[in-house]
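Residue-level structural notes
Now for the letters of each chain:
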Amino acid sequence: MHDATWMLRVFARRRLSRLAQLDPEKCQRKVLEALIKKARNTVFVRQQDLGGTCDLERFRSRVPVRDYDAFWQEYWSKPFPNLRNCTWPGRIPWFAVSSGTSTGVTKFIPVSREMYRSNSRAGADLLVHHLSSRPDSRLLAGRFFMLGGSTGLVRQGPGVLSGDLSGIAASAMPQWARLRYFPPRELDAISDWQVKIERFAERSLETRITALAGVPSWLLIFIDQLCRQAEIKFDKADLRIADIYPHLELLVHGGVAWRPYRERFKELLGGSQVQTREVYSASEGFFGVADSEPHEGLRLLLDTGIFYEFIPVDQIGSANPDCRWIADAETGVNYALVVTTCAGLWRYLVGDTVMLTNSGPPRVVVTGRTTYMLSTFGEHVIGSEVETAIAEAAESINVKISDFSVGTVFPRASEVRGGHLFVVEFSQDSSRTAAIPAERERFAMQVDASLKRQNDDYAAHREGGVGMNPPSILVMPAGGFAKWMASRGKLGGQNKVPRIMNDAELFAGLQQFAKSCRGVSRV
């Protein structure tokens, strides 16, 4: 395959120069002005009486913050699937189907042609930052392997399709880009996840793969399958990614926190020169990419048709929240993310919580979901605290985590206190350690200690065991979470295991599934 990286390198130099000169405040004002001007003849903008203005205060005073349900009920449900000049000019050609990780309710998120271009520009920025840190890159001498969902799209109406976001991207991909993309269409369209990854692994062994992208939990499942098939083909045991994909130089991950998986991937990628790079991408838009060290957060994409606002988490639902934007948002504050986009989302509550780590340029870390909080007893534990606790506990007993989820255990009639139950799947090579009761107890104690250190409310409720019991651990056998997701019809692609479960019925089902598997142990 012809190495076209030199063309990307030329583009990268220009793009990096532009980014270095970009003024965040001016850029975001310009984005908002362009969005309002573009949508001036839509039903939404006329009803809000924005009059083509770009004045931020007027915009905020006339446009309330809305979530998906409010948009669906007020603007989208009645004309669906023919959203023409509704909240965005022209007809919406695609809808990204999202099951809603926290609620399970199916959502149809509008994807305009402008949003498709926005996502493409964000993807280009990802490659730009990779080349910046790796001048000798030969990224376009091979193929970019995207481990996404099914590319099969559903026809909702004339010229209107719905499906997985990766399917939408594949359907609209220009021919020049498809030449650098893996898997080929006939494999991408396979709906059975197990069959799909077997075929992916088999075909990719014959392909020069230079980049690999996906949700960490599904990547682990795929890599396990890949190693099994490679060991058969090459008649060699204990193969690592460096042996199988010798030209791989970039692994892109997103969708869930990386830290709990970091050690496992570090081992798998040992001996290679692969860089890992995180992205912040959702059905509503592509918001950020890692442009520097992982601990510094993800750089917000300010000039791709998305306007960002931030509401303090404790003010969600308030009639008059202290809403901030790029110019006055503070670092170190836990905010609910609000976006206005080139797909007709106006002051839309995404459902994610973020924290700014930097203001120049603006960078964020995703701390959880607005509905992802454990607070049955008033402990107010958020997603990022849970993920940190799990990662520290894994490090404390030297094990690796494949997946996990946590929910509330309520006190029974004879009990005074309840607490948190962590359902944890350890990696295959950590299963022997996890089988030792004393090690699982150490794991649970470290989770408890970490949460106490991070969260004063949790520590107060755990003081003397007065308000809450210590956390308990339910071990899910290797591969169990994947089987559980498959039983719910949510295996692979962009489907993610919910980290925090507030749905009592869903969490009870997970516990029952874990206990029904062989080898399940509890601390």
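Here the structure is a predicted model, which means the values were calculated and not measured.

Analysis parameters
- Residues numbered from 1 in each chain as written.
- Predicted model: local features only at pLDDT ≥ 70, side-chain atom pairs only at ≥ 80, totals over all residues.
- Heavy atoms only, no water.
- Helix = DSSP H or I, 4+ residues; strand = E, 2+ residues; numbered from the N terminus.
- Rg over C-alpha atoms; globule rule 2.2 N^0.38 Å.
- Buried < 20%, exposed > 50% of the residue type's maximum accessible area, 1.4 Å probe, protein only.
- Areas by Shrake-Rupley, 256 points an atom, 1.4 Å probe, with all protein chains shown as cover.
- Lys, Arg positive; Asp, Glu negative; His and termini not counted.
- Charge placed at Lys NZ, Arg CZ, Asp CG, Glu CD.
- pLDDT = per-residue confidence, 0-100.
- Contact = heavy atoms within 4.5 Å.
- Phe/Tyr/Trp six-rings, centres within 6.5 Å; stacked < 30°, edge-to-face > 60°.
- Lys NZ or Arg CZ within 6 Å of the ring centre and 35° of its normal.
- Core = buried A, V, L, I, M, F, W, Y, C linked by side-chain atoms within 4.5 Å.
- Pairing = 2+ DSSP bridges.
- Right-handed = clockwise from strand over helix to strand, strands pointing away.
- Axes fitted to C-alpha atoms, helices over the stretch in contact; angles between N-to-C directions.
- Parallel < 35°, antiparallel > 145°, perpendicular 65-115°, else oblique.
- Left-handed = near helix turned anticlockwise from the far one by under 90°.
- Nonpolar A, V, L, I, M, F, W, Y, C, P; charged D, E, K, R; others polar.
- Expected span 1.5 Å × (residues − 1).
- Arc of directions from axis to C-beta.
- Polar contact = N/O pair within 3.5 Å; in protein donor to acceptor, adjacent residues only side chain to side chain.
- Patch = residues over 30% accessible without salt bridge, like charges linked within 9 Å, V, L, I, M, F, W, Y side chains within 5 Å.
- Salt bridge = Lys/Arg side-chain N within 4 Å of Asp/Glu carboxyl O.

**Things to note about the overall build of the chain**
- Check the secondary structure of the chain and you find 19 helices and 22 strands.
- A compact globule built from 523 residues would reach a C-alpha radius of gyration of about 24 Å, and the chain, at 23 Å, matches this within 12%.
- Projected onto its principal axes, the C-alpha coordinates of the chain cover approximately 65 × 60 × 45 Å.
- Residues classed as buried in the chain amount to 53% of the 523 residues present.
- Of the roughly 23,000 Å² of accessible surface on the chain, 49% is carried by carbon and sulfur atoms.
- If you average the places of the 65 positive and of the 57 negative side-chain charges in the chain, the two averages end up 7 Å apart.

**Some details on the confidence of the model for the chain**
- In the predicted model, the chain carries a mean pLDDT of 89, and 94% of its residues have values of at least 70.
- Considering only residues more than four positions removed or in separate chains, one finds that residues 519–523, a stretch of pLDDT under 50, has 20 contacts.

**Focus on the packing of aromatic side chains**
- The tally for this structure, following the rule as stated, stands at 26 aromatic pairs.
- Geometrically, the ring pair formed by Phe-145 and Phe-222 is edge-to-face, given 5.1 Å between the ring centres and 75 degrees between the ring planes. Placement of Phe-145 in strand S3 (residues 143–146) and of Phe-222 in helix H11 (residues 216–234) is noted, with a sequence separation of 77 residues between them.
- One residue, Arg-66, lies across the ring of Phe-71, its end atom 5.7 Å from the ring centre.
- Across the ring face of Trp-484, the terminal group of Arg-488 is positioned such that the distance to the ring centre comes to 4.6 Å.

**Considering the nonpolar core**
- By size, the foremost hydrophobic cluster in this structure holds 79 residues, and its most contacted members are Trp-76, Phe-287, Tyr-308, Phe-310, Leu-337, Trp-346 and Tyr-348.
- Residue contributions to this core peak at 7 residues, all from helix H6 (residues 113–133).
- With residues near it in sequence (within four places) discarded, Tyr-308 still touches Gln-28, Phe-286, Phe-287, Leu-300, Leu-301, Leu-302, Trp-325, Ile-326, Leu-337, Val-338 and Val-339.
- Counting residues in each nonpolar core, the second largest holds 47 residues, with Leu-187, Ile-197, Trp-218 and Phe-222 among its members.

**A closer look at the pairing of strand S8 (residues 250–253)**
- Burial of S8 is two-sided: the residues Leu-250 and Val-252 facing one way and the residues Leu-251 and His-253 facing the other way are all buried.
- Two strands pair when backbone bridges link them, and strand S7 (residues 209–214) and S8 are joined in this way by 4 bridges, in the parallel orientation. Within the sheet, the bridge partner assigned to Gly-214 lies in S8 and is His-253.
- Direction of pairing for S8 relative to strand S9 (residues 275–282): parallel, over a ladder of 4 bridges. The residue bridging Leu-250 from the neighbouring strand is Gln-275, located in S9.
- A crossover links S8 with its parallel partner S9, the connecting element being helix H13 (residues 259–268), and its sense is right-handed.

**As for the packing of helix H18 (residues 480–487) against helix H19 (residues 504–516)**
- Following both chains from N to C, one finds H18 and H19 inclined at 130 degrees, their axes separated by 11 Å at the closest point. What the angle tells us is that H18 and H19 run oblique. Of the two elements, H18 crosses H19, and the hand of that crossing is right-handed. Counting all contacts with H18, which are made through Gly-480, Phe-481, Lys-483, Trp-484 and Ser-487, the residues of H19 involved are Leu-506, Gly-509, Leu-510 and Phe-513.
- Looking at the contact of H18 with H19 residue by residue, the class counts come to 5 nonpolar, 3 polar and 1 charged.

**Brief notes about the sheet that holds strand S4 (residues 154–157)**
- The strand order across the open sheet formed by 4 strands is S2-S1-S5-S4, and the pairing between neighbours is mixed. Across the chains shown, the open sheet's two edge strands, defined by having one partner strand only, are strand S2 (107–111) and S4. Shown here is a sheet whose adjacent strand axes are inclined to one another by a mean of 30 degrees, direction ignored.
- Relative to strand S5 (residues 160–163), S4 is paired through 3 bridges, and the arrangement is antiparallel.

**Some words on H19**
- Between the first and last C-alpha of H19 there are 18 Å, a value that for 13 residues agrees with the 18 Å anticipated at 1.5 Å per step.
- The complete set of buried residues in H19 reads Phe-507, Leu-510, Gln-511 and Ala-514. Mapping the buried residues of H19 onto a view down its axis gives an arc of 100 degrees, with all of them on the same face. For H19, the exposed residues lying more than 90 degrees away from the buried face are Glu-505, Gln-512 and Ser-516.
- Check the buried side of H19 and you find it contacts strand S19 (401–409), strand S20 (419–426), strand S21 (472–476), H18 and strand S22 (500–501).
- Measuring from the side-chain oxygen of the N-cap residue of H19 to the backbone nitrogen of Glu-505 gives 3.0 Å; that N-cap residue is Asp-503.

**Overview of a positive patch on the surface**
- A surface patch of like charges, here positive, comprises Arg-84, Arg-91, Arg-113 and Arg-117.
- Position of Arg-113 among the secondary structure elements: in helix H6.

**Quick word on the sheet that holds S21**
- Pairing is mixed in the open sheet, where 4 strands are placed in the order S21-S20-S19-S22. Lying at the two open borders of the sheet, with one neighbouring strand each, are S21 and S22.
- Strands in contact with helix H14 (residues 383–396) are S19, S20 and S22; relative to S19, the strand with the most contacts, it is inclined by about 125 degrees.

**What to know about the environment of Thr-87**
- For Thr-87, the location among the structural elements is in the loop between helix H5 (68–76) and strand S1 (94–98).
- Using a relative accessible area of 3% as the deciding quantity, one classes Thr-87 as buried.
- Once the C-alpha coordinates of Thr-87 and Pro-361 are considered, the two residues, 274 residues apart in sequence, prove to be 30 Å apart.
- In this view, Thr-87 contacts Ala-39, Thr-42, Phe-44, Phe-71, Tyr-75, Trp-76, Ala-343, Gly-344 and Trp-346; residues no more than four positions away in its chain are not counted.
- Polar side-chain contacts of Thr-87 include one of 3.0 Å to the backbone oxygen of Gly-344.

**Things to note about the pattern of salt bridges**
- Counted according to the given criterion, the structure contains 28 salt bridges.
- Ionic pairing is found between Asp-291 and Arg-299, a salt bridge with its closest N-O pair at 3.3 Å. Neither residue differs from the other here; Asp-291 and Arg-299 are each classed as buried.
- In this structure, Arg-324 and Glu-330 form a salt bridge, with 3.5 Å as the shortest nitrogen-oxygen distance.
- On the accessibility criterion, Arg-324 (17% relative accessible area) is buried.
- In this structure Glu-330 comes out as partly exposed when scored by relative accessible area, which is 41%.

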